[in-house]
Number of protein chains: 2
Amino acid sequence: MADDDRRTEFVLPYSSACPAAVDQSNCIQLAHGEGGRLMRQLLKERIAPTLQAAINEDAARISAMKGDWAVTTDSFVVSPLFFPGGNIGSLAVYGTVNDLSVAGADPIAITLSLIIEEGLSFQLLDEVLSSVARTANECGVRVVAGDTKVVPRGAVDKLFITTTGVGQYRPASHLQCQQIQSGDLLLISGPIGQHGMAVLAAREKLHMTPEPISDCGNLRIVCATLHNQLGEDLRAMRDATRGGVSAVLQEWSEASGTTMQLYENQLPVTAETRGMCELLGLDPLYVANEGTFVAAVAPSVFEKALEVMREFSISSRACAIGKVIDKISSPVVIERMLGTLHPIDDPAGAPLPRIC
Amino acid sequence: MADDDRRTEFVLPYSSACPAAVDQSNCIQLAHGEGGRLMRQLLKERIAPTLQAAINEDAARISAMKGDWAVTTDSFVVSPLFFPGGNIGSLAVYGTVNDLSVAGADPIAITLSLIIEEGLSFQLLDEVLSSVARTANECGVRVVAGDTKVVPRGAVDKLFITTTGVGQYRPASHLQCQQIQSGDLLLISGPIGQHGMAVLAAREKLHMTPEPISDCGNLRIVCATLHNQLGEDLRAMRDATRGGVSAVLQEWSEASGTTMQLYENQLPVTAETRGMCELLGLDPLYVANEGTFVAAVAPSVFEKALEVMREFSISSRACAIGKVIDKISSPVVIERMLGTLHPIDDPAGAPLPRIC
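About the criteria used
Residues numbered from 1 in each chain as written. Chains lettered and ligands numbered in written order. Predicted model: local features only at pLDDT ≥ 70, side-chain atom pairs only at ≥ 80, totals over all residues. Heavy atoms only, no water. Domains from an automatic or database assignment. Buried area = accessible area lost by both parts, 1.4 Å probe. Salt bridge = Lys/Arg side-chain N within 4 Å of Asp/Glu carboxyl O. Polar contact = N/O pair within 3.5 Å; in protein donor to acceptor, adjacent residues only side chain to side chain. Helix = DSSP H or I, 4+ residues; strand = E, 2+ residues; numbered from the N terminus. Nonpolar A, V, L, I, M, F, W, Y, C, P; charged D, E, K, R; others polar. Pairing = 2+ DSSP bridges. Axes fitted to C-alpha atoms, helices over the stretch in contact; angles between N-to-C directions. Buried < 20%, exposed > 50% of the residue type's maximum accessible area, 1.4 Å probe, protein only. Contact = heavy atoms within 4.5 Å. Phe/Tyr/Trp six-rings, centres within 6.5 Å; stacked < 30°, edge-to-face > 60°. Core = buried A, V, L, I, M, F, W, Y, C linked by side-chain atoms within 4.5 Å. Left-handed = near helix turned anticlockwise from the far one by under 90°.

*Asks:* Would you mind showing me how to read the domain arrangement of chain A here?
*Replies:* The parts lose accessible area when they come together, and the size of an interface is often stated as this lost area. Residues and elements named next belong to chain A. Domain annotation for chain A reports domain 1 (30-55 + 66-169) and domain 2 (177-343). Averaged C-alpha coordinates put domain 1 and domain 2 at centres separated by 22 Å. When the two sides are added together, the surface that domain 1 and domain 2 hide from each other amounts to roughly 2,200 Å², 55% of it contributed by carbon and sulfur. Where domain 1 meets domain 2, there are zero salt bridges. At the junction of domain 1 with domain 2, the criterion picks out eight residue pairs in polar contact (both at pLDDT 80 or more). Looking at the side of domain 1 that touches domain 2, the elements that each hand over two or more residues are helix H1 (37-51), strand S3 (82-83), helix H2 (88-102), strand S5 (105-117) and helix H3 (122-139). In terms of residues, the side of domain 1 that touches domain 2 owes the most to one element, H2, which gives eight residues. Residue composition of the side of domain 1 that touches domain 2, by class: 13 nonpolar, nine polar and seven charged.

Okay, structure coming up:
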């Protein structure tokens, strides 16, 4: 069958990667996966139009016979696989459950797809799978489907996980960042930037004392309670993952046509995170969280919202961090200690790759 | 914050990979992702017990208010990304739609998660996304959620895609391989082994003439029609992907406690596939398909089933390939040209990695 006279090479449509020397504007860069401007641009200019898909909330709504179902998906490529406070398995489940929870849905089931590098030890795989099971149990979701691919050494870095979550929107679910309006208040469920710092310290073996610990955790119950108690006065919730609190507020500003104003002296940051950020020149506003969410609420329910959040250990340190104001030149601004307003930059990417 | 006196390294729980020299029995091997015995073993002994999940059919059933929803997930790591007859984008959508279709569900929506290597060209990404959109449109599913991760050069080989499909089981859906019984007949929807050979020829630049072309295609309509027309006389359907027809029949034998008997002279194989397989010493029974399925039907509806399948171009070359018999020593046997029965081996893996 092989035709030796026909020497034309089988030509793949395109060379797959840009050589390092060529124009970066024509290539995927690390920043395209980092939750910042370039990623939103990629979604808006390429992925959404090509797929004719709307990209707004963390979960997709599917009209069903009775009640609407929510679907969300995420790939996890965190390095290292284990870090203080979690691992790629617990991270994947919490991430997916939280995406459904902040969107106003009750998580029901998740799927789990593994891409494994040849040579990964069973011990490590077992540890990750156990963690998936424990976390799914804690969050009240079943793992209902899965897939396993193994690729040759070097084709993937150890282990990547993709989880998809399916849930049901709560009756009369209305949470949408388009509803945010001037006068609303902004709350945070706890100290920011812990996850990114924990992963970075583990990856770079920074030996910090005390060591930063990821905030990886289950937002299901606090989000559902907040939603049930506040009704329409709860405008929107979002877990502040890749790109940190800054990325959430940039998106909310764009969606609602308002400006988000933060108070610098109210932003909760642990001593560990503050120390590491100062050392490395990072701003915790841009650093990823995995069990911390931002909520926008009507001013009338502000105290009740904080009260509800503080009932749960995951959000016991909830506090107000800012307010929504009429649109000014910057989408997000911060009021410094002395009262001046500074714009919060919208970075092209985030400072840390592979934190989730 | 950094404590220089504390020199204890941050110790990750486990080294992530077995060195090449150590005992292979303690490591993930390529064969664990190849649809054969080792993969079933991995699923049965580790993944299913750890997750307390049942692993039987291609899609998961979720009880809903009204009607049952089906969920399925798959990661695609095919190399090369483009091959005659398809690419990683069309492959991902067909694969997911087909998994729902053979399980007796009508596909509704899919999610799309991309893991991209830094440096991938936009041109290539656009081509893949367009292919996803075209294929989703052809199959009548919407892409409802997605995720994009970019990892540094070398952490992944160009582009991996994970798709999750959500569908609705048809009323009174009963398709289950446990229902297969002695006397049932086995049908195939078309020539086998084309996808694996097409990918291999493209990867290794084998310059075959004529070149093998993947059977990548949409099984939605033919599966739904078959199901509606045959009712309970259609016992089970399965797309013969990783591990080929052999893997499907091994699983069906185990699930139903019967033996699957094939007729060698009835197996449909194209000239291209036969030639390549002979050249490479491969058996097309083990080679992957991506738009070809096996059906088990009651003998009374055998002719009607073939008639229905032949109405659709994707299955116009459908034919009978064997029958289900009482359990004998081998789960799958083949009747050679001269009438003798030979057992079909259940290989540890499949001959070709990264074909889907």
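What follows picks up the thread again.
*Asks:* Would you explain the sheet that holds strand S11 (residues 293-297) of chain B in this entry?
*Replies:* Sheet strands pair via backbone hydrogen bonds, and the direction of the pair is either parallel or antiparallel. All names here are of chain B. Strand order in the open sheet made by the seven strands is S9-S11-S8-S12-S10-S13-S14, with mixed pairing throughout. Each end of this open sheet is capped by a strand with a single partner; those strands are strand S9 (234-239) and strand S14 (341-343). Neighbouring strand axes in the sheet, compared pairwise and without regard to direction, differ in orientation by 25 degrees on average. Judged from the five bridges that link them, strand S10 (residues 258-263) and strand S12 (residues 319-326) form a sheet pairing that is antiparallel. Note that in S12 the partner of threonine 258 across the bridge is aspartate 326.

*Asks:* I keep staring at the side chain of A:Ser330 and nothing clicks. Help me out?
*Replies:* All names here are of chain A. Inspection of the secondary structure assignment puts serine 330 in the loop between strand S12 (319-326) and strand S13 (332-335). You can call serine 330 buried: its relative accessible area is 14%. Beyond its immediate chain neighbours, meaning those up to four positions away, serine 330 contacts Thr259 and Pro343.

*Asks:* Help me understand the packing of aromatic side chains, please; the structure alone is not making it clear to me.
*Replies:* One pair of aromatic rings is described through two measures. These are the centre distance and the angle between the planes. As enumerated under the stated definition, the model contains one aromatic pair over all chains in all. Aromatic side chains A:Trp69 and B:Trp69 sit 5.5 Å apart centroid to centroid with 25 degrees between the ring planes, which places their arrangement in the stacked category. Of this pair, A:Trp69 sits in strand S2 (residues 68-76) while B:Trp69 sits in strand S2 (residues 68-76), each in a different chain. We note that A:Trp69, like B:Trp69, is buried.

*Asks:* Honestly, the environment of A:Ile192 in this entry has me stumped. Any pointers?
*Replies:* Within the fold, A:Ile192 resides in the loop between strand S8 (185-188) and helix H4 (194-203). Not counting residues up to four positions away in its chain, the partners in contact with A:Ile192 are A:Val245, A:Pro268, A:Val269, A:Thr273, A:Pro284, A:Leu285 and A:Asn289.

*Asks:* For this particular structure, what's the right way to read helix H4 (residues 194-203) of chain B?
*Replies:* Side chains of residues three or four places apart in an α-helix project in the same direction, reflecting 3.6 residues per turn. All names here are of chain B. By the criterion of burial, H4 is predominantly enclosed, with nine of the 10 residues buried. Every buried residue belonging to H4 is among Gln194, His195, Gly196, Met197, Ala198, Val199, Leu200, Ala201 and Ala202, and all of these are buried. Each element contacted by the buried residues of H4 is listed here: strand S3 (82-83), helix H2 (88-102) and helix H7 (271-280). Positive backbone phi, approximately 50 degrees, marks lysine 205, located one or two places after H4.

*Asks:* Would you explain the sheet that holds S12(A) in this entry?
*Replies:* Residue and element names in this part refer to chain A. Taking strand neighbours across the sheet as the criterion, the seven strands line up as S9-S11-S8-S12-S10-S13-S14 in an open arrangement whose pairing is mixed. Only two strands of the sheet have a single partner each, and these edge strands are strand S9 (234-239) and strand S14 (341-343). Averaged over all adjacent pairs, the angle separating strand axes in this sheet is 25 degrees, with direction ignored. As defined by bridge partners, S8 adjoins S12 across four bridges and the pair is classed as antiparallel. Looking at S12, one finds that leucine 187 is bridged to alanine 320. Across the sheet, helix H6 (residues 244-256) is in contact with S8, S9, strand S10 (258-263), strand S11 (293-297), S12 and S13; its angle to S10 comes to roughly 150 degrees. Helix H8 (residues 302-310) contacts S8, S11 and S12 of the sheet and is inclined by roughly 10 degrees relative to S8.

*Asks:* Hey, could you run me through unusual backbone geometry in this one?
*Replies:* Among all residues except glycine, the phi angle is most often negative; among peptide bonds, the trans geometry is most common. Across the junction of A:Ser79 and A:Pro80, the peptide omega takes the value 0 degrees, indicating a cis bond. You can see A:Pro80 is positioned in the loop between S2 and S3. The omega torsion across A:Thr209 and A:Pro210 is -10 degrees, close enough to zero to call that bond cis. As for its placement among the helices and strands, A:Pro210 is situated in the loop between H4 and helix H5 (220-230). A positive phi angle, close to 55 degrees, is found at A:Arg354, a residue other than glycine. Here A:Arg354 shows up in the segment after S14. Judged by relative accessible area, A:Arg354 falls into the buried class, the value being 8%. If you check the backbone angles, B:Lys205 has positive phi at about 50 degrees while not being a glycine. Positionally, B:Lys205 belongs in the loop between H4 and helix H5 (220-230).

*Asks:* How do you make sense of the nonpolar core when you look at a structure like this?
*Replies:* Across soluble globular proteins, nonpolar side chains have a tendency to be buried as a group. By size, the foremost hydrophobic cluster in this structure holds 47 residues, and its most contacted members are A:Leu114 and A:Leu159. There are two domains that each give this core at least three residues, and those are domain 1 (30-55 + 66-169) and domain 2 (177-343) of chain A. Apart from residues lying up to four places away in sequence, A:Leu159 is in contact with A:Leu81, A:Ile88, A:Leu114, A:Ile115, A:Ile116, A:Leu120 and A:Val128. Grouped together as the second largest cluster of nonpolar side chains are 46 residues, B:Phe83, B:Phe122, B:Leu159 and B:Ala288 included.

*Asks:* Would you take a moment to explain the pattern of salt bridges for this structure?
*Replies:* Pairing between side chains of opposite charge can happen when the charged atoms of each approach one another. Taken as a whole, this structure holds 18 salt bridges over all chains when the rule is applied. Between A:Arg242 and B:Asp147 there is a salt bridge, with the nearest N and O atoms lying 2.7 Å from each other. Taken together, the positions of A:Arg242 in the loop between S9 and H6 and B:Asp147 in strand S6 (residues 142-151) put the pair across two chains. A relative accessible area of 7% means that B:Asp147 is categorised as buried. Among the charged side chains, a network of salt bridges with common partners joins A:Asp74, A:Arg242, B:Asp147 and B:Lys149.

*Asks:* Looking at this structure, I do not really get the environment of B:Ala236. What am I missing?
*Replies:* All names here are of chain B. Turning to its location among the elements, alanine 236 is positioned in strand S9. In this structure alanine 236 comes out as buried when scored by relative accessible area, which is 4%. Between the C-alpha atom of alanine 236 and that of valine 297, which follows or precedes it by 61 residues, the distance is 7.4 Å. Ignoring sequence-local partners within four residues, the contact set of alanine 236 consists of Leu175, Gln176, Cys177, Ile180, Trp252, Val294, Ala295 and Ala296.

*Asks:* Got a minute to help me understand the packing of H4(A) against helix H7 (residues 271-280) of chain A in this structure?
*Replies:* What describes two packed helices is the angle between their axes and the distance between those same axes. Residues and elements named next belong to chain A. In the contact formed by H4 and H7, the axes pass within 10 Å of each other and the chain directions differ by 65 degrees. Note that H4 runs across H7; the crossing there is left-handed. Seen from H4, the contacting residues are Gln194, Met197, Leu200 and Ala201; seen from H7, they are Thr273, Met276, Cys277 and Leu280. A class-by-class count of the residues in the contact of H4 with H7 yields six nonpolar, two polar and no charged.

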